[in-house]
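Here is what each chain is made of, one letter per residue.
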Amino acid sequence: MADSSKKMQIVFASAECAPFVKTGGLGDVAGSLPAALVRAGAEVIVMVPKYATIKDEYKAQMEHFADFYVSLGWRNEYCGLEKLEHDGVTYMFIDNERYFARDYPYGFFDDGERFAFFSKAITESLQHLPAGFECDILHCNDWQTALAPVFLREFYQGLPLYDRVKTVFSIHNVAFQGQFSDTVMEDILGVAHIPAAASQLRCDACSINYMLGALRYADAITTVSPTYASEIQTPEFGEGLDGVLRERSYALQGILNGIDVAGFDPATDKRIAANYTVEDRSGKAVCKAKLQEELGLEVRDDRPLMVMVTRLTRQKGMDLVMYALDRILAGGVQVAVLGTGDRDYEDGLRYFQDKYPGTMAARIEFDPALSQRMYAGADMFLMPSKFEPCGLSQIIAMRYGTLPIVRETGGLKDTVQPFNEFTGEGTGFSFTNFNGDEMGDAVFRAARLFWDNREAWDQLVTQAMSQDFSWTRSADKYLDLYFFMHPEIERPAGVAEAVAAEESAPVEEPKAEEKPAAKPAAKKTTTRKTTAKKATASKSSVAKTTATKATTAKATAAKATTTRKRTTATAKKAAEAEGDELQREAEAVQPRHVLARVVGQGHVALHVIVVVLVELFGLVRFAHECLDHTVALDVLFDHGVEGGQRVADGEEQRVGVRGQAAREHKNERRDAGQDERESPIDGEHHAQGAHEHDHAVGDLIAHPTQAVADRVGVGGQAAHDVAGARVVEIREVELVQLLVFVGDE
């Protein structure tokens, strides 16, 4: 029976977490998802290393909670727990200055040892948590925490506190797996003597893979978008782990990331030049003009401004950008790029900035404040990634009314709906293949809409800004997974009912003002707003209803106890009477079932007899057709012989005429007094030629005619024989099967 008094208690482990430490999307997820889970009714503790780079203002708020030692191979390492409450979430910072007092989170020679310690410290600290907190779900993220499920199973299995713990492992980027020498297994991990662990961690003859261990040991596996969950099961995207991911596909699912909608709100963001809303976007024009001026671009509202905020790497599609950038800039589109990365790409962007002054701007730096102004001031956001697990930039861009242009891969495909020029639907533009020409075409599709149909463009911006990418829906999906793994814990009624109401609430189409037929998507946008309002109202009403039910529950409990005894006897009598009635009905129905079975079998037998007769009738028709074809061949043979005879007679007559003409010619020459020696020879030549020609033509005509006659005769006889034998054979087989079937019945 589900326990309604216990909350779901989750330990969320991550190597980075905003706002304390962040190098990529993992920090955003760890900084936002736990807070959404807390709002949904769960209890969450986030575990993060205590890096030296964490700001002093946060360190000053930490309080020492516990300390203990962690065994790591032959080592015994100190571990302290520093507690911090921030925005309603409890954070536990793993303190060990030997491993984490560095000026950057990653990139050191001993990263394998550092994060093996972090994983072991996570599992060890589960018995040092605040009173009343017993971990139900250990949620690990990426390779830095991937060994925690391995340690949990191999070193802590059987302990009462740990037996209830279910593990979830989230893949944020399968390309980063944590591969190290297999000497780590004995020296650091201490699992070389455990055959199961040693075999499941090994990825080749001399290496081990931390992420591979998590994929084999975790109870459930998630990744950050549904499309990416499918892609990593293929060799193209699986980075060598596609095999094990296909094996465990039953435990794998993709849950789309969200963003902090309060932190990324153009209506309240103080980092941008002017605030604006989806209803009043006049401030966005101000942001664009200010951004163009800041970047040294021509301040023109009639030219689309496309921006990129990215790492300058091949994975982010920079090969395509370098290929198509000349065409894009020459076509009248302004471009601004912010980011750092590979030197070749940095130099290429500087070259185009010099070639197209006033149209191209390259900022080779890391500037979060400028990135925010670029999101707000641009018209289009380019993101042509080779692969993208989820991606947050395109979501932030839509939040600020900047239309994304993306390649259809991973989370980009799941979050951006391509514009449909016929229906008006969509939230951006996309292309399918990793191809520079296709990317350029997508850019100019967007630019042409900006130039030629500003009304459709504005409607598309409205639809993009109206999308719901909050963490609320993502948190609900994670809770679905957590409660599925712990069915004994009852989900809070208020949360469960609010989610159900939001999913099943009927959507009423509002009456919109009449607009041109090319804008059917306007109704969709209004519907989203209506749905969001209904969801908010339903959640508040559910909370009130839940409180009312809790108040009245105590009052009705006493009445229920008093009447329970009296209703028990009545229920027994009613059950006995109902059982007798069902027994009588079953006895009455049984003969009908037997009769129906007999009749049914008779129908089946009759059906089979009819089918066999139809088949025999068809075989008889086939035999008749064979005989008809044989008669036709005989007629053809007769016509062939007659035709051959006519040709032979005609040739013989022609040869005879030719011979007669030769003899007459000989007599004429003799009468003219020509040489006596020449005339007989010439005449003999003509006569002999005619004679030989006559014989040759006769043979030529006679022999093919005879061959045709022989072949037609043999073919006709063969057809007769085959048809007759086939009819007899099939008749015997079908009749035998029919007799056997009838005998069985």
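So, here's what we can say about the structure. Fair warning: this is a prediction, and the values are worked out from it, not measured in the lab.

Conventions used here
Residues numbered from 1 in each chain as written. Predicted model: local features only at pLDDT ≥ 70, side-chain atom pairs only at ≥ 80, totals over all residues. Heavy atoms only, no water. Helix = DSSP H or I, 4+ residues; strand = E, 2+ residues; numbered from the N terminus. Buried < 20%, exposed > 50% of the residue type's maximum accessible area, 1.4 Å probe, protein only. Salt bridge = Lys/Arg side-chain N within 4 Å of Asp/Glu carboxyl O. Expected span 1.5 Å × (residues − 1). Arc of directions from axis to C-beta. Contact = heavy atoms within 4.5 Å. Phe/Tyr/Trp six-rings, centres within 6.5 Å; stacked < 30°, edge-to-face > 60°. Lys NZ or Arg CZ within 6 Å of the ring centre and 35° of its normal.

1. So, unusual backbone geometry
For the peptide bond that leads from Ala-18 to Pro-19, omega is 10°, which places it in the cis range. Mapped onto the elements of the fold, Pro-19 is located in the loop between β1 (9-13) and α1 (25-39). At Asp-87, a position not held by glycine, the phi torsion is positive, near 55°. Relative to the helices and strands, Asp-87 is located in the loop between β4 (75-86) and β5 (89-95). According to the relative accessible area criterion, Asp-87 is exposed, its value standing at 67%.

2. Looking at the pattern of salt bridges
Tallied over the entire structure, the rule returns 28 salt bridges. One salt bridge in this structure joins Arg-491 and Asp-480, with 2.4 Å as the shortest N-O distance. Within this pair, whereas Arg-491 is found in the loop between α20 (471-485) and α21 (493-504), its partner Asp-480 is found in helix α20, the two being separated by 11 residues in sequence. Looking at Asp-480, the relative accessible area reads 40%, which means it is partly exposed. Among the charged side chains, a network of salt bridges with common partners joins Arg-75, Glu-77, Arg-98, Glu-113 and Asp-187.

3. Side note on helix α14 (residues 343-355)
A rise of 1.5 Å per residue sets the reference length of α14, with its 13 residues, at 18 Å; its end C-alpha atoms lie 19 Å apart and thus fit the reference within 8%. Among all positions in α14, only Tyr-345, Glu-346, Gly-348, Leu-349 and Phe-352 are buried. The arc enclosing the buried residues of α14, seen along the axis, measures out at 165°, which places them on a common side. Exposed and facing more than 90 degrees away from the buried side of α14 are Arg-343, Asp-344 and Asp-354. Contact partners of the buried residues in α14: α13 (318-330), β14 (334-338) and β15 (360-363).

4. With respect to the environment of Cys-287
The topology assignment puts Cys-287 in helix α12 (residues 282-295). Residues Cys-287 and Tyr-276, 11 residues apart in the sequence, show an inter-C-alpha distance of 9.6 Å. Those residues in contact with Cys-287 that lie beyond four places of it in its chain are Ile-272, Ala-273, Ala-274, Tyr-276, Ala-376 and Gly-377.

5. Some points on the packing of aromatic side chains
A full pass over the atoms with the stated rule returns 22 aromatic pairs. With a centroid separation of 5.9 Å and an interplanar angle of 80°, the aromatic rings of Tyr-51 and Phe-100 are classed as edge-to-face. Separated by 49 residues along the polypeptide, Tyr-51 in the loop between β2 (43-49) and α2 (56-59) and Phe-100 in helix α3 (residues 97-100) bring together distant segments of the chain. The same class applies to Tyr-51 and to Phe-100, which are both buried. Linked through ring pairs, Tyr-51, Tyr-99, Phe-100, Phe-117 and Phe-118 together constitute an aromatic cluster. If you follow Lys-386 out to its NZ or CZ, it ends over the ring of Phe-434, 4.6 Å from the centre. When the ring centre of Phe-450 is taken as reference, the NZ or CZ atom of Arg-454 above it lies at 3.9 Å.

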